[in-house]
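Now for the letters of each chain:
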Amino acid sequence: MMIKTHTQISLTLDAALVIANSAINKGNELGIKMNAVVVDAAGNRLVSLREPGAPMPALDFAEKKAYTAANFKLPTEKWSDVLEGRPVVANGLAQHEKVALFGGGLPVIVEGVVVGAIGVSGGKVPDDIKCAEAGLDALSLLIHD
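Residues numbered from 1 in each chain as written. Predicted model: local features only at pLDDT ≥ 70, side-chain atom pairs only at ≥ 80, totals over all residues. Heavy atoms only, no water.

### Quick word on the nonpolar core
Judged by nonpolar contacts, the single largest core of 20 residues is most densely connected at Leu11, Ile19, Val38, Ile118 and Val120. The set of elements that each furnish at least two residues to this core consists of α1 (13-30), β1 (35-40), β3 (105-110), β4 (113-121) and α5 (125-144). The next biggest cluster of nonpolar side chains, apart from the first, holds eight residues, and it includes Val37, Ala66, Ala69 and Ala117. (Core = buried A, V, L, I, M, F, W, Y, C linked by side-chain atoms within 4.5 Å. Buried < 20%, exposed > 50% of the residue type's maximum accessible area, 1.4 Å probe, protein only. Helix = DSSP H or I, 4+ residues; strand = E, 2+ residues; numbered from the N terminus.)

Shown next, in the form of structure tokens:
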């Protein structure tokens, strides 16, 4: 018998808000105005936050990072390693309008399952990563409480 449906577990809006707010707060601690986008397991936007004064083009990058992390189930900073020596694949992915291949996107994993992702943009890549990690840390604190 063929299975005709697929159930996909995803983040709630409340969880997405905790993640995004924590990422923005980390940016404030670092003195950087950030954009944070949290997506569901399929890469669809749940929350989009922009600190006033954060660069507007970076908001698009934040969403692309989140989409990429959710769909490929991989932190976006890992792409340089994955694509090393594969210029045709790298070029193809780089041309995809929703994909970002640089750091700042992290999958959200709960009980071993990717349930969404966060993308952060507005600072240098290491700062974007720190802010995304802060979002995941805030969620893990809720899960363990």
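### A short note on the pairing of β1
Of all six residues that make up β1, six are buried, and the element is covered over most of its length. Here β1 shows two buried faces, one formed by Asn35, Val37 and Val39 and the other by Ala36, Val38 and Asp40. Two successive antiparallel strands, β1 and strand β2 (residues 45-50), enclose a turn made up of four residues, where Gly43 displays a positive phi of approximately 95°. Where β1 and β4 come together, six bridges link them in antiparallel fashion. Across the sheet, Val37 pairs through a bridge with Gly119, a residue of β4. (Pairing = 2+ DSSP bridges.)

### Some details on the pattern of salt bridges
If you walk through the whole model with that rule in mind, you get three salt bridges. A salt bridge links Lys26 to Glu29; its shortest N-O distance comes to 3.6 Å. Separated by three residues within a single helix, Lys26 and Glu29 lie in helix α1, roughly one turn from each other. Of the charged contacts in the structure, one is a salt bridge between Lys65 and Asp128, with a shortest N-O distance of 2.9 Å. Pair noted here: Lys65 is in helix α2 (residues 56-72) and Asp128 is in helix α5, with a separation of 63 residues, a long-range link. The two residues Lys65 and Asp128 agree in class, both being buried. (Salt bridge = Lys/Arg side-chain N within 4 Å of Asp/Glu carboxyl O.)

### Observations regarding the pairing of β2
Examined bridge by bridge, β1 and β2 share five bridges and lie antiparallel to one another. Of the residues in β2, the one forming a bridge with Val38 is Val47.

### A look at unusual backbone geometry
Phi is positive for Lys73, close to 55°, though the residue is something other than glycine. Along the chain, the position of Lys73 falls in the loop between α2 and α3 (79-82). Positive phi outside glycine occurs at Glu111, with the angle close to 55°. By secondary structure assignment, the location of Glu111 is in the loop between β3 and β4.

### Some points on the sheet that holds β2
Taken in spatial order, the four strands of this open sheet run β2-β1-β4-β3, and their pairing is antiparallel. With partners counted over all chains shown, the strands left at the sheet margins are β2 and β3, one partner each. When strand polarity is set aside, the average angle formed by the axes of neighbouring strands in this sheet is 15°. Across the sheet, α1 touches β1, β2, β3 and β4, and the angle it forms with β2 is around 25°. The strands touched by α2 within the sheet are β1, β2, β3 and β4, with β4 carrying the most contacts at an inclination of about 160°. (Axes fitted to C-alpha atoms, helices over the stretch in contact; angles between N-to-C directions. Contact = heavy atoms within 4.5 Å.)

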